[in-house]
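# Residue-level structural notes
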Amino acid sequence: MKKVISTTKAPAAIGPYSQAIQVGNLVYTSGQLPIDPATGNFPEGGIKEQTRQSISNIQAILQEAGLTMGSVIKTTVFMADMNDFADMSSVYAEFFSEPYPARSAVAVKSLPKGALVEIEVVAEI
C-alpha cells in the first residue's frame, strides 16, 4: 500500500507527482530541485548553494516521514555539468556520514527551471 509523504517545508510538486511515496519500509523521494520553499526561487550562488538547498528539501521530506539523513540508502544526483562534481560532492558530504548511501551521479542535458542539480533518494524506515 502506498502512502504519500508531503510537507510545506519543501517545495510543492511542479507537476503530477508526489514529494515522496512510502511503500512498505522504503521511502522514495521525487527529485528535489534547489527551490527554496519560502521564496519559490533558487538560492543565490552556484552548485554548492543549489546542492545544499536540494538536500535540505530532501531532509524536510524525510523528517515528515520520521526519518533522518542516516536513513538514506541510495541517492541519485543529476547535474547539468559534470565539472561541478567536486563542489557538489563537498556539500553532499556535509549531510551524510559513514556508512554512506550508495550513489549515482549523472550529467544531463538540462534540468527543470534551469537548475544545476536535482537529487532524489531512497530511505529505509
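Residues numbered from 1 in each chain as written. Predicted model: local features only at pLDDT ≥ 70, side-chain atom pairs only at ≥ 80, totals over all residues. Heavy atoms only, no water.

A separate point is the overall build of the protein. Within the protein, the secondary structure is distributed over two helices and six strands. For the protein, the sequential pattern of α-helices and β-strands runs β-β-β-α-β-α-β-β. What you see for the protein is a C-alpha radius of gyration of 13 Å, in line with the 14 Å of a compact globule of 125 residues. For the protein, buried positions account for 39% of its 125 residues. For the protein, restricting intrachain contacts to residue pairs at least 6 apart in sequence, the fraction spanning at least 24 positions comes to 68%. Accessible surface, the protein: about 6600 Å² in total, of which carbon and sulfur atoms supply 51%. (Helix = DSSP H or I, 4+ residues; strand = E, 2+ residues; numbered from the N terminus. Rg over C-alpha atoms; globule rule 2.2 N^0.38 Å. Buried < 20%, exposed > 50% of the residue type's maximum accessible area, 1.4 Å probe, protein only. Contact = heavy atoms within 4.5 Å. Areas by Shrake-Rupley, 256 points an atom, 1.4 Å probe, with all protein chains shown as cover.)

So, on to the sheet that holds strand E1 (residues 2-5). Two modes of strand pairing occur in sheets, parallel and antiparallel, and in both the strands are linked by backbone hydrogen bonds. Taken together, the six strands give an open sheet; going across it, the order is E1-E2-E3-E6-E4-E5, and neighbouring strands pair in mixed fashion. Both edges of this open sheet fall to E1 and strand E5 (102-107), since each of them pairs with a single strand only. The sheet shows a mean angle of 15° between the axes of neighbouring strands, taken without regard to direction. Relative to the sheet, helix H1 (residues 47-64) contacts E1, strand E2 (20-23), strand E3 (26-29), strand E4 (72-79) and strand E6 (117-124), its axis offset from that of E6 by approximately 30°. (Pairing = 2+ DSSP bridges. Axes fitted to C-alpha atoms, helices over the stretch in contact; angles between N-to-C directions.)

Bridge analysis of E4 against E5 gives six bridges, and the strand direction is parallel. By the bridge assignment, Phe78 is partnered in E5 with Val106. Viewed along the sheet, the connection from E4 through helix H2 (residues 85-95) into E5 turns out right-handed. (Right-handed = clockwise from strand over helix to strand, strands pointing away.)

To continue, consider the environment of Met79. In this fold, Met79 is placed in strand E4. Overall, the relative accessible area of 0% leaves Met79 in the buried class. Expressed as a C-alpha distance, the spacing of Met79 and Ile47, which sit 32 residues apart in the sequence, is 9.0 Å. With near-sequence residues (within four places) excluded, Met79 lies in contact with Asp84, Phe85, Met88, Val106, Ala107, Val108, Leu111, Leu116 and Val117.

On to the packing of H1 against H2. Put simply, H1 and H2 touch, their axes get as near as 8 Å, and they point 35° apart. For the pair H1 and H2, the sense of crossing is right-handed. When H1 is examined against H2, the residues Ile47, Lys48, Thr51, Arg52, Ile55, Ser56 and Gln59 are found in contact with a partner set consisting of Asp87, Met88, Ser90, Val91, Tyr92, Glu94 and Phe95. Here the contact of H1 with H2 is composed, by residue class, of six nonpolar, four polar and four charged. (Left-handed = near helix turned anticlockwise from the far one by under 90°. Nonpolar A, V, L, I, M, F, W, Y, C, P; charged D, E, K, R; others polar.)

Attention shifts here to H2. Buried within H2 we find Met88, Val91, Tyr92 and Phe95. Down the axis, H2 shows its buried residues gathered within 105° of arc, on one side only. Exposed residues pointing more than 90 degrees away from the buried face of H2 are listed as Ala86 and Glu94. (Arc of directions from axis to C-beta.)

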